[in-house]
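An overview of the molecular structure
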Amino acid sequence: MNLDGLRVAITGAGRDTGRSLAETFAERGAQVFLSARSLVAAEHVADLIRRRGRGHAEAFRCDLGEADSVRAFGSALADRTEHLDVLINNGASYIEGDDLGDVSDVQIESVMAAGGTGTILLTKHLLPLLRTSPRADIVNIISACGEVGHRRSGAHPAFYAAKHAHAGLAEILSHRLRPEGIRVISLFPPDFVQDGPRQANSDLTAGSVVDCVLFAVGQPRDCFIREFHFEQVRH
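Below you will find a few notes about this structure. Nothing here was measured: the structure is a model prediction, and the numbers come from that model.

Further remarks concern the overall build of the chain. A tally of regular secondary structure across the chain gives 6 helices and 7 strands. The secondary structure elements of the chain, listed N-terminal to C-terminal, are β-α-β-α-β-α-β-α-β-α-β-α-β. Since a compact globule built from 235 residues should have a radius of gyration of about 18 Å, the 17 Å found for the chain is in line with a globular shape. Here the C-alpha coordinates of the chain stretch approximately 45 × 40 × 40 Å along the principal axes. Taking all 235 residues of the chain together, the buried fraction comes to 52%. Restricting to contacts in the chain with at least 6 residues of sequence separation, those with at least 24 account for 71%. In the form shown here, the chain has an accessible surface area of approximately 11,000 Å², with 49% of it arising from carbon and sulfur atoms. Charge centroids of the chain, computed over 25 positive and 30 negative side chains, lie 5 Å from each other.

A few words on the environment of I95. With respect to the helices, strands and loops of the structure, I95 is situated in the loop between β4 (86-89) and α4 (105-131). On the basis of relative accessibility, which here comes to 11%, the residue I95 falls in the buried class. For the pair I95 and F159, spaced 64 residues apart in the sequence, the C-alpha separation amounts to 6.6 Å. Those residues within four positions of I95 in sequence are excluded, and the remaining contacts are V103, Q107, V111, A155, H156, A158 and F159.

Further remarks concern the pattern of salt bridges. Within the structure shown, the criterion is met by 18 salt bridges. A salt bridge links R7 to E82; its shortest N-O distance comes to 3.3 Å. Taken as a pair, R7 in strand β1 (residues 7-10) and E82 in the loop between α3 (67-80) and β4 lie far apart in primary sequence, 75 residues in all. R183 is the salt-bridge partner of D137, the closest N and O atoms lying 2.8 Å from each other. Here R183 lies in strand β6 (residues 183-188) and D137 lies in strand β5 (residues 137-141), a separation of 46 residues in the sequence. With a relative accessible area of 1%, R183 lands in the buried category. Salt bridges sharing partners connect three or more residues here, namely R19, E23, E27, R28 and R52.

What counts and how
Residues numbered from 1 in each chain as written. Predicted model: local features only at pLDDT ≥ 70, side-chain atom pairs only at ≥ 80, totals over all residues. Heavy atoms only, no water. Helix = DSSP H or I, 4+ residues; strand = E, 2+ residues; numbered from the N terminus. Rg over C-alpha atoms; globule rule 2.2 N^0.38 Å. Buried < 20%, exposed > 50% of the residue type's maximum accessible area, 1.4 Å probe, protein only. Contact = heavy atoms within 4.5 Å. Areas by Shrake-Rupley, 256 points an atom, 1.4 Å probe, with all protein chains shown as cover. Lys, Arg positive; Asp, Glu negative; His and termini not counted. Charge placed at Lys NZ, Arg CZ, Asp CG, Glu CD. Salt bridge = Lys/Arg side-chain N within 4 Å of Asp/Glu carboxyl O.

As structure tokens, this is what we get:
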């Protein structure tokens, strides 16, 4: 898939799935604006992309748990580009725990701020740039924890709550932005691994999640794929 010139913003791109998304889009010719809570981590990924000589990458700090950091990232992008073609809301804080008391109040606040408020604010501040694109997509890497009735993850209840907030945002935006031609695409993967054999009896891998994103973004503009849901192999 040739994505030459496509302008893509990705949150949580300093490691794991976010990094894979940034590298994959850049390899196909996209101009990637990648962010992470740590500017050092974001710059490391951008440097790796630049060394490969395919695509273009710029690094930014964006802590979704800090409203000022979110606004600063949005402002920085507006200074660098007059439009944005793809926003990938990938960044999120993950915590485990069966009981509400398993983690501190600060951790709960951080998870809810990043997965809920921060994601909403970033989408709000980048929406003007998306509206100037002839082919805008908002991609949400949510989680099966955001599905109604899902109980298979060991994630903390606060993570479940944050992902339901993200899912609610995506659902209403899909309905309200469709008349403008802006597609809102959401993925609800179960707990998955970064690397694996990618076989039918194996856990879902990050590579397969990335491939689903590429598939959806690459579809003709009359094809609105709203959601990806996955079977969970392991119970």
